[in-house]
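# Fold and contact review
For reference, the chains in residue letters:
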Amino acid sequence: MSEAQRDIERAEEYEETTPRTSVLGENRFELSTGLIIAARYADKLRRVALVALSKMVPKDIIIRDVSEFNKNLYDKIVNQMKIDKLDVIKIVVSVSYDKSQNKLIFEDTKIIRYYTEEECKKQYESVIQENEKLKKEIGEIRKKLSDLLGSVQ
């Protein structure tokens, strides 16, 4: 069984159990992968697109255009955003179907990265340390100003 055929079968299964699409207008939809690990974004986006668009767009067009879109997403996710393959992300994208060009048009792509509690605490700890350092410096400056004010009076 080909990968495309497997995705089509899974998409049909997901259609019954997992709606992740919003209709934005005629031939225009918002697709969402839901929370996934970054390594699985391409499969999930292809399946969501197949579920949402297969009644209106030929499946071979969906597979072709989503594959091309996924290549562009790879560059953004891996090279630009430096997201690890096990990081949790969510992709939301608007897609419309241009019948005259027989092509899907992807717009307004949002890649949302979710951080673990541990990652948040790690970032927060550095902010706390910097804050404590600044408090100490402010305290020293206040003391010097107070001493100067006392010597002037």
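Please read all numbers here as calculations on a predicted model, not as lab measurements.

## Digging into the UniProt feature "coiled-coil region" (unreviewed entry) in the protein chain
- Taking the UniProt record as the reference, the feature "coiled-coil region" (unreviewed entry) is found at residues 117-151.
- Helix makes up 100% of residues 117-151 and strand 0%, with an end-to-end C-alpha separation of 51 Å.

## Regarding the environment of Ala49
- One can find Ala49 in helix α2 (residues 41-53).
- Its relative accessible area of 0% is what places Ala49 among the buried residues.
- As a C-alpha pair, Ala49 and Phe29 span 20 residues in sequence and 9.5 Å in three-dimensional space.
- Not counting residues within four places of it along the chain, the set of residues in contact with Ala49 comprises Leu31, Ser54, Ile62 and Val66.

## Looking at the packing of aromatic side chains
- Evaluation of the coordinates by the stated rule reveals 1 aromatic pair.
- Where Phe69 meets Phe106, the ring centres are 4.2 Å apart and the plane angle is 10 degrees; that geometry is what we call stacked. Of this pair, Phe69 sits in helix α3 (residues 59-80) while Phe106 sits in strand β5 (residues 103-114); the two residues are 37 residues apart in sequence, bridging distant segments of the chain.
- A relative accessible area of 9% places Phe69 in the buried class.
- Assessed through its relative accessible area of 18%, Phe106 is described here as buried.

## Looking at the pattern of salt bridges
- Counted according to the given criterion, the structure contains 11 salt bridges.
- Its salt-bridge partner being Asp43, residue Arg46 comes within 2.5 Å of it at the nearest N-O pair. One end of the pair is Arg46 and the other is Asp43, both in helix α2 and 3 residues apart, which spans about a single turn. The pair formed by Arg46 and Asp43 is uniform in burial state, with each residue classed as buried.
- Between Arg113 and Glu119 there is a salt bridge, and its shortest N-O distance comes to 3.4 Å.
- By relative accessible area, Glu119 is classed as partly exposed at 26%.
- Bridged by salt links that share partners, the residues Arg28, Glu107 and Asp108 form one connected network.

## Here we look at unusual backbone geometry
- Positioned with a positive phi, Lys82 is a non-glycine residue whose angle comes to about 55 degrees.
- Mapped onto the fold, Lys82 is located in the loop between α3 and β4 (88-98).

## A look at α3
- For α3, which comprises 22 residues, the first-to-last C-alpha distance of 30 Å matches the rise-based estimate of 32 Å (1.5 Å per residue) to within 8%.
- Of the residues one or two after α3, Lys82 is the one with positive phi, at around 55 degrees.

## Looking at the packing of α2 against α3
- The geometry of α2 relative to α3 is characterised by a closest axis approach of 9 Å and an angle of 145 degrees between their N-to-C directions. Of the two elements, α2 crosses α3, and the hand of that crossing is right-handed. Judged by residue contacts, Tyr41, Ala42, Leu45, Arg46, Ala49, Leu50 and Leu53 of α2 engage Lys59, Ile62, Ile63, Val66, Phe69, Asn70, Leu73, Tyr74 and Ile77 from α3.

Definitions and cut-offs
- Residues numbered from 1 in each chain as written.
- Predicted model: local features only at pLDDT ≥ 70, side-chain atom pairs only at ≥ 80, totals over all residues.
- Heavy atoms only, no water.
- UniProt positions renumbered as here; feature names shortened; annotations may be inferred.
- Helix = DSSP H or I, 4+ residues; strand = E, 2+ residues; numbered from the N terminus.
- Buried < 20%, exposed > 50% of the residue type's maximum accessible area, 1.4 Å probe, protein only.
- Contact = heavy atoms within 4.5 Å.
- Phe/Tyr/Trp six-rings, centres within 6.5 Å; stacked < 30°, edge-to-face > 60°.
- Salt bridge = Lys/Arg side-chain N within 4 Å of Asp/Glu carboxyl O.
- Expected span 1.5 Å × (residues − 1).
- Axes fitted to C-alpha atoms, helices over the stretch in contact; angles between N-to-C directions.
- Left-handed = near helix turned anticlockwise from the far one by under 90°.

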